[in-house]
Amino acid sequence: RAGMAAVWIDDGLPEGIEPLEALDVDTKRRATGAIRDAFRDVTRTLPSGGKLSADAIAEMSEVADLIVRDVTRNVHTALALNDLANADGYTLKHSLAVTTVGLALGLRVMRKYGWIDVDGKRRYDCGNGRMSALGVGLLLHDIGKLAVPATILQKPGPLDDEEWQAMRSHPLLGVQIHKKADGISPLARAVVRSHHERWNGSGYPDGQAQVDIHQFARIAAVADV
């Protein structure tokens, strides 16, 4: 009620750490608008299967690049996500937080562990639009939930088996929405499909394990916690 989204407790443990705002004002504004417009696109077209417009996809890509820019400046610092709590609604806040954390993690993973290119060579750069593709995937990772009944998404208590099965369908529903949109990278689709897979094979929808899970999906799984 006081308008405070979060507090920073100076109890000695964070000595030497000063949290920095993760995203600048313009990036937050454009990101919330882009996510809102994309979700409205899909909600409006759900009766015919759900579809993202070319304009929404282009805006998502530009927003992902802006977030990459902002996160790159602060990649070695603590990110203050409290400012994202002012986004209107859980979906916007969650999508922005997951994208910000995921890109910060992704940048460090790429630089430390690298990635394997089409020639089987390990690279340590972030070129070829990889970070932008990761960002788009993170921004839209939960878009399949638009096709899950609101009564299930908003149920206050535990889900029963049938409801849980419907909830677990959202990654594949998200992939179907992505497939109907031109211009979305397969790397982004990998995030949407596999962000609930787990290293020990206990995840869904495919029960993949360890390195069989796409690297970007493994990053997304951590950021989504």
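The structure we're discussing is the one just above.
A quick note: this is a predicted structure, and the numbers were derived from the prediction, not measured.

## Side note on the nonpolar core
Piece 1. In this structure, Leu52, Met60, Ile67 and Leu140 are the most contacted members of the largest nonpolar core, which totals 42 residues.
Piece 2. Secondary-structure elements contributing two or more residues to this core are helix H1 (25-45), helix H2 (54-73), helix H3 (90-112), helix H4 (130-139), helix H8 (186-194) and helix H9 (215-223).
Piece 3. Not counting residues within four places of it along the chain, the set of residues in contact with leucine 52 comprises Ala38, Asp41, Val42, Ile57, Leu140, Ile143, Ile177, Ala181 and Ile184.

## Comments concerning a nonpolar patch on the surface
Piece 1. A cluster of nonpolar side chains, namely Met4, Val7 and Ile9, defines an oily patch on the protein surface of about 380 Å² accessible area.
Piece 2. Mapped onto the fold, valine 7 is located in the segment before strand S1 (20-21).

## Notes on the packing of aromatic side chains
Piece 1. As enumerated under the stated definition, the model contains 1 aromatic pair in all.
Piece 2. Plain terms: the ring middles of tryptophan 164 and tyrosine 204 are 6.1 Å apart, the flat faces sit at 75° to each other, and that makes the pair edge-to-face. Placement of the pair is tryptophan 164 in helix H6 (residues 161-167) and tyrosine 204 in the loop between H8 and H9, with a sequence separation of 40 residues.
Piece 3. When its relative accessible area of 39% is taken as the criterion, tryptophan 164 is described as partly exposed.
Piece 4. The side chain of arginine 130 reaches across the aromatic face of tryptophan 115, ending 3.8 Å from its centre.

## What to know about the pattern of salt bridges
Piece 1. In this structure the tally under the stated criterion is 11 salt bridges.
Piece 2. With its nearest N and O atoms 2.4 Å apart, the salt bridge here joins aspartate 26 to arginine 29. Here arginine 29 and aspartate 26 lie together in helix H1, a separation of 3 residues that amounts to about one turn.
Piece 3. The class of arginine 29 is exposed, set by a relative accessible area of 53%.
Piece 4. Here aspartate 206 makes a salt bridge to arginine 193, at a shortest N to O gap of 2.9 Å. Remark: arginine 193 occurs in helix H8 and aspartate 206 occurs in the loop between H8 and H9; sequence separation between them is 13 residues.
Piece 5. On the accessibility criterion, arginine 193 (31% relative accessible area) is partly exposed.
Piece 6. Sharing partners across several salt bridges, the network here consists of Asp24, Arg69, Asp70 and Arg73.

Reading the values: the criteria
Residues numbered from 1 in each chain as written. Predicted model: local features only at pLDDT ≥ 70, side-chain atom pairs only at ≥ 80, totals over all residues. Heavy atoms only, no water. Core = buried A, V, L, I, M, F, W, Y, C linked by side-chain atoms within 4.5 Å. Buried < 20%, exposed > 50% of the residue type's maximum accessible area, 1.4 Å probe, protein only. Helix = DSSP H or I, 4+ residues; strand = E, 2+ residues; numbered from the N terminus. Contact = heavy atoms within 4.5 Å. Patch = residues over 30% accessible without salt bridge, like charges linked within 9 Å, V, L, I, M, F, W, Y side chains within 5 Å. Areas by Shrake-Rupley, 256 points an atom, 1.4 Å probe, with all protein chains shown as cover. Salt bridge = Lys/Arg side-chain N within 4 Å of Asp/Glu carboxyl O. Phe/Tyr/Trp six-rings, centres within 6.5 Å; stacked < 30°, edge-to-face > 60°. Lys NZ or Arg CZ within 6 Å of the ring centre and 35° of its normal.

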